Amino acid sequence: VAFSIPIGKLLSIEAFLKGSLMGIGPCVLTKVICAPFMGSAKFVIGWAMVGRAEFAYLIAQMAQAAGMIDEATFSICIWALLYATIF
């Protein structure tokens, strides 16, 4: 996946802002909102959700290679997945 990331598109302001919006909203905010309701297993569930994002990198790369998404959309997905993986 790393060799297929278009660095020029990834480092653009547009990709960063849209990826941040997608990453912070759905990927981070939903985990934070749901955490108090999970009881003592909240950290286990949170860390289990991190593994999902790692598989999503592969899916995004396959979609880009198949021509289903362009480089700009792929870069936005990478930013969003970075947030999902780290947080």
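To start, this report covers the structure provided alongside it. (Residues numbered from 1 in each chain as written. Predicted model: local features only at pLDDT ≥ 70, side-chain atom pairs only at ≥ 80, totals over all residues. Heavy atoms only, no water.)

Secondary structure assignment for the protein yields four helices and zero strands. Expressed as a percentage of its 87 residues, the buried residues of the protein come to 30%. Looking at the protein alone, contacts between residues at least 24 apart form 77% of all its contacts between residues at least 6 apart. Taken as two groups, the 5 positive and 4 negative side-chain charges of the protein have centres that lie 13 Å from each other. (Helix = DSSP H or I, 4+ residues; strand = E, 2+ residues; numbered from the N terminus. Buried < 20%, exposed > 50% of the residue type's maximum accessible area, 1.4 Å probe, protein only. Contact = heavy atoms within 4.5 Å. Lys, Arg positive; Asp, Glu negative; His and termini not counted. Charge placed at Lys NZ, Arg CZ, Asp CG, Glu CD.)

Attention now goes to the side chain of Ser 20. In this structure, Ser 20 sits in helix H2 (residues 13-34). Polar contacts involving the side chain of Ser 20 include one to the side chain of Tyr 83, which spans 2.9 Å. Setting aside chain neighbours within four positions, we find Ser 20 in contact with Gly 25 and Tyr 83. (Polar contact = N/O pair within 3.5 Å; in protein donor to acceptor, adjacent residues only side chain to side chain.)

Topologically, Met 62 is positioned in helix H3 (residues 42-65). Residues Met 62 and Leu 81, 19 residues apart in the sequence, show an inter-C-alpha distance of 15 Å.

A few words on the environment of Cys 77. Positionally, Cys 77 belongs in helix H4 (residues 71-86). According to the relative accessible area criterion, Cys 77 is partly exposed, its value standing at 22%. When the C-alpha positions of Cys 77 and Thr 30 are compared, they lie 17 Å apart, and in sequence the two are 47 residues distant.

Turning our attention to a nonpolar patch on the surface. On the surface, Phe 55, Leu 58, Ile 59 and Met 62 cluster together to form a nonpolar patch covering roughly 380 Å² of accessible area. Here Leu 58 shows up in helix H3. Residue classification places Leu 58 among the partly exposed residues on the basis of a relative accessible area of 37%. (Patch = residues over 30% accessible without salt bridge, like charges linked within 9 Å, V, L, I, M, F, W, Y side chains within 5 Å. Areas by Shrake-Rupley, 256 points an atom, 1.4 Å probe, with all protein chains shown as cover. Salt bridge = Lys/Arg side-chain N within 4 Å of Asp/Glu carboxyl O.)

Turning our eyes to something else, we now look at the packing of aromatic side chains. Overall, the coordinates contain one aromatic pair when judged by the stated rule. Relative to Trp 79, the ring of Phe 16 has its centre 5.0 Å away and its plane inclined at 85°; by these criteria the two rings are edge-to-face. Linking Phe 16 in helix H2 with Trp 79 in helix H4, this pair joins segments that are 63 residues apart in sequence. What makes Phe 16 partly exposed here is its relative accessible area of 34%. (Phe/Tyr/Trp six-rings, centres within 6.5 Å; stacked < 30°, edge-to-face > 60°.)

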